[in-house]
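# Understanding the architecture of this molecule
Residues per chain, in single letters:
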Amino acid sequence: MSRKEFNGTAEITESGIKKHFTKWKSTPLQAVIELIANGFDAGASNVNVLIDRNELQGLELITVFDNGSGIDIDKCDQHFSRFNESLKQGNDDLQGSQGKGRLAFHLLCNRAKWYTKNNDTNAIITIETGYLRKFKVNEIDSAEQHPMLSPIECGTCVILDNFTKEIQSNDQIIAELQNQFGWRLALNKNRKLLLNGQPITIPSHDIEEKIVDIDNFSFEVKLLRWYQKPKSEKSFNYLINSDGRIRYKELSSFNKKPEFYLSSYSTSNWVDHFDVSNSSLRLESDIVASPDSTTYKKLKKEVTNLSKKIYEDFLRAYVESKLEYYEDKGYFPSYKLLSIEDAEWRRTNTKSFIRELYLIDPNIFSTLKEKQTKILIALIDKILVSNENDSLFEVIESILELDKNKLACQVKNSSLENIISTIEVLQKRKSVITKLKQVMTEHYKKVLETPDLQQVIENNTWLFGEKYSLLGAEEDNFHKLAKNLRDNIKDINTISEDDLDSEDFIERNEIEGAQKQVDLFLTRKKKEFDSANKSYYKCTIIEIKRPSISLNGKHSNQIKKYAQIISNHPEFSSEKLKFDLILVGRKISNSDFDIPSAFETAINENDPGLAFKSNHGNIRGYVKTWATIFDEFELSNDYLLDKLKLKREDLSHYSRKDLLSDLQQPTE
């Protein structure tokens, strides 16, 4: 029987391949990490890395063995011919670099050989650095197979040699592998990763376990708080099936907490039937197992509550450790002119206030440098012994929540008059939020952008963020030019059934009514100054979709198209112009993928609602829902609002006309 032997070529140029690995050039160990990930992705329960060094500790040979499914050489074109495109895509249980990780070896050495065993077929696949897009496949006898594969039914053994770079010591590699794969080892105790036979242990962590019963199903919930951030993972909530594999994962709401890294794993036989696509898969009890199912929503709420408690406990301990650090570093005033008793009272009083401030928002101190921290603590210490310390406590809280970046400056210039003014403004804003929420909840099908919402928005531009709170009057020439360009975007004013979620139960005549409305289009242009005190024009464009429709990719693409038109238009080519494009709607469509994906891409910008930005950063696009706008205000100001004990108004008796009339009054 003749053996199979053939050559193949990846569908990309040699230089094109190397460009994809630019960010990894300084970390050649990534080549080994990718091979380990590929082993686990192939279903391996055991991955063993063997590093052979010579007497001078130079690399001689690296072997990466896994007992996964092996490689089907009859399907090599589906694996080795693809680049940056992989059959793994869409599978939450997989970690490899989606079709390119296998070629990372060229960062470390000149040749890689894949000894593989699959369906009683033994083969070798060879790729060399000088010819990365080409691969050679040779079927071999079992006697020629790598010794590590001989005793098992299937698996892969990758051999790297002819090295061009060195890697870290074994101790450093162990630490790196812990950081890269700890989360994967934690979710399935049957998986093992070894370096030269030494098991890689799960990184330092705290664990909390609980059995949660929901809808006659029992869920084993494990929450792991990592002491250090895993390099390859954000904080996710995982659903794990009875085989220990990830069936579904979702970002938790704790990803931006300073030095807090949490993974949750929920295991149940209910997860075995979980259908990500929300199709008709059902259990015997006729309960849908999907992201939109009642059972999943209840589980998610339980996991969130457990996570919140872990975070609160962590934060209290974290704040105490920071206070000890500040004291050891001498950040607190020395009080040399005070008696021992008075100095101790001042220090205790200031520490108590800093503790409360830290618990409200840890980010305010975590972003400050040493000198800034010392200045802020000194200012707070002086304020606390003033005659108006109770009022100053409140204004600091309000300033912190209203504009974190200017806290130190505003504290320094605080006075009793602006304390009172701040509280009054906040009370008025709370009233606006409450009434506008009622409009969007109870009257959204009938409310009109013009004239109903236009004056509301013009008097309350702070709704979209503090940086828009003082937008000036409309600049007529800019508005006309922008409006003309906007009207050139195809279908920007049309509405279809796809723009309405089925849960709203809107009849066809209501769709036709919605089509008769117009979207609200507001523009502002005002002079501002950057950090170097250089002036520029800030152009703000707010596109508010009628409340009866749900935002989707079509609408976000419209403002992207608008951004493209702006960037190419000669009137807007000045370096002194910067644009914020804000798309606002009542809700995001349940079936939309584009907008949530844009949020995920921009998550590292720490700019809520950011959906895209231009290459030069002069144009930024935002997508906001009214619910998000309301929640941002309440979350930011919850502590102060509670202190003021604002009486919530019962608005059930208000008509749409009464609500809108009140809302159209200025709050500043």
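Structure: see above.
Residues numbered from 1 in each chain as written. Predicted model: local features only at pLDDT ≥ 70, side-chain atom pairs only at ≥ 80, totals over all residues. Heavy atoms only, no water.

### Details of the packing of aromatic side chains
Counted by the stated rule, this structure contains 23 aromatic pairs. Judged by centre distance (6.0 Å) and plane angle (50 degrees), the ring pair of phenylalanine 254 and tyrosine 311 falls under tilted. Of this pair, phenylalanine 254 sits in the loop between strand S13 (246-251) and strand S14 (261-267) while tyrosine 311 sits in helix H4 (residues 294-328), and the two are 57 residues apart along the sequence. Note on accessibility: phenylalanine 254 and tyrosine 311 belong to one class, buried. Aromatic ring contacts, followed pair by pair, group Phe254, Phe260, Tyr311, Phe314, Tyr318, Tyr325, Tyr326, Tyr331, Tyr358 and Phe365 into a single cluster. Between the NZ or CZ atom of lysine 322 and the centre of the ring of tyrosine 325, over which it lies, the distance is 5.7 Å. (Phe/Tyr/Trp six-rings, centres within 6.5 Å; stacked < 30°, edge-to-face > 60°. Helix = DSSP H or I, 4+ residues; strand = E, 2+ residues; numbered from the N terminus. Buried < 20%, exposed > 50% of the residue type's maximum accessible area, 1.4 Å probe, protein only. Lys NZ or Arg CZ within 6 Å of the ring centre and 35° of its normal.)

### Comments concerning empty space enclosed by the protein
Counting across every chain of the model gives three cavities of 30 Å³ or more. Empty space within the largest cavity amounts to approximately 90 Å³. Forming the boundary of the largest cavity are Asn237, Tyr238, Leu239, Tyr248, Glu250, Ser264, Ser266, Tyr296, Leu299, Lys300 and Val303. For the lining of the largest cavity, the secondary structure elements donating two or more residues are strand S12 (236-240), S13, S14 and H4. When residues in the lining of the largest cavity are grouped by element, the largest group, four residues, is from H4. Class assignment for the residues of the lining of the largest cavity results in six nonpolar, three polar and two charged. (1 Å grid on protein atoms, 1.4 Å probe; cavity = no way out; pocket = protein on both sides within 12 Å on 5 of 7 lines; lining within 4 Å. Points joined across faces, edges and corners; volume = space filled by probe spheres on them. Nonpolar A, V, L, I, M, F, W, Y, C, P; charged D, E, K, R; others polar.)

### A short note on the sheet that holds S12
Reading across the sheet, the five strands line up as S10-S11-S14-S12-S13 and stay open at both edges, with mixed pairing between neighbours. For this open sheet the edge positions go to strand S10 (205-214) and S13, each flanked by a neighbour on one side alone. Here the strands of the sheet are splayed against their neighbours by 20 degrees on average, with no regard to which way each runs. Pairing of S12 with S14, which is carried by four bridges, proceeds in the parallel orientation. Bridge pairing in S14 links asparagine 237 to serine 264. Contacting strand S11 (217-226), S12, S13 and S14, helix H3 (residues 170-187) crosses the sheet at an angle of about 155 degrees to S11. On the sheet, H4 packs against S10, S11, S12, S13 and S14 and is oriented at approximately 30 degrees with respect to S11. (Pairing = 2+ DSSP bridges. Axes fitted to C-alpha atoms, helices over the stretch in contact; angles between N-to-C directions. Contact = heavy atoms within 4.5 Å.)

### Points about the nonpolar core
One finds Ile36, Ile62, Leu160 and Leu193 to be the most contacted residues of the largest nonpolar core, which totals 46 residues. The biggest single contributor to this core is helix H2 (residues 30-41), with seven residues. Setting aside residues no more than four positions away along its own chain, leucine 160 makes contact with Leu35, Leu61, Ile62, Phe105, Leu108, Cys109, Arg111 and Ala112. One finds Ile214, Phe274, Tyr326 and Phe332 within the second-largest nonpolar core, a separate group that totals 39 residues. (Core = buried A, V, L, I, M, F, W, Y, C linked by side-chain atoms within 4.5 Å.)

### Concerning helix H14 (residues 553-568)
An α-helix turns once per 3.6 residues; consequently, residues spaced three or four apart project the same way. In this model, H14 (16 residues) spans 22 Å end to end at C-alpha, consistent with the 22 Å of a helix rising 1.5 Å per residue. When H14 is considered as a whole, its buried residues turn out to be Gly553, His555, Ser556, Gln558, Ile559, Tyr562, Ala563 and Ile566. Residue asparagine 552 occupies the N-cap position of H14, its side-chain oxygen lying 2.9 Å from the main-chain nitrogen of lysine 554. (Expected span 1.5 Å × (residues − 1). Polar contact = N/O pair within 3.5 Å; in protein donor to acceptor, adjacent residues only side chain to side chain.)

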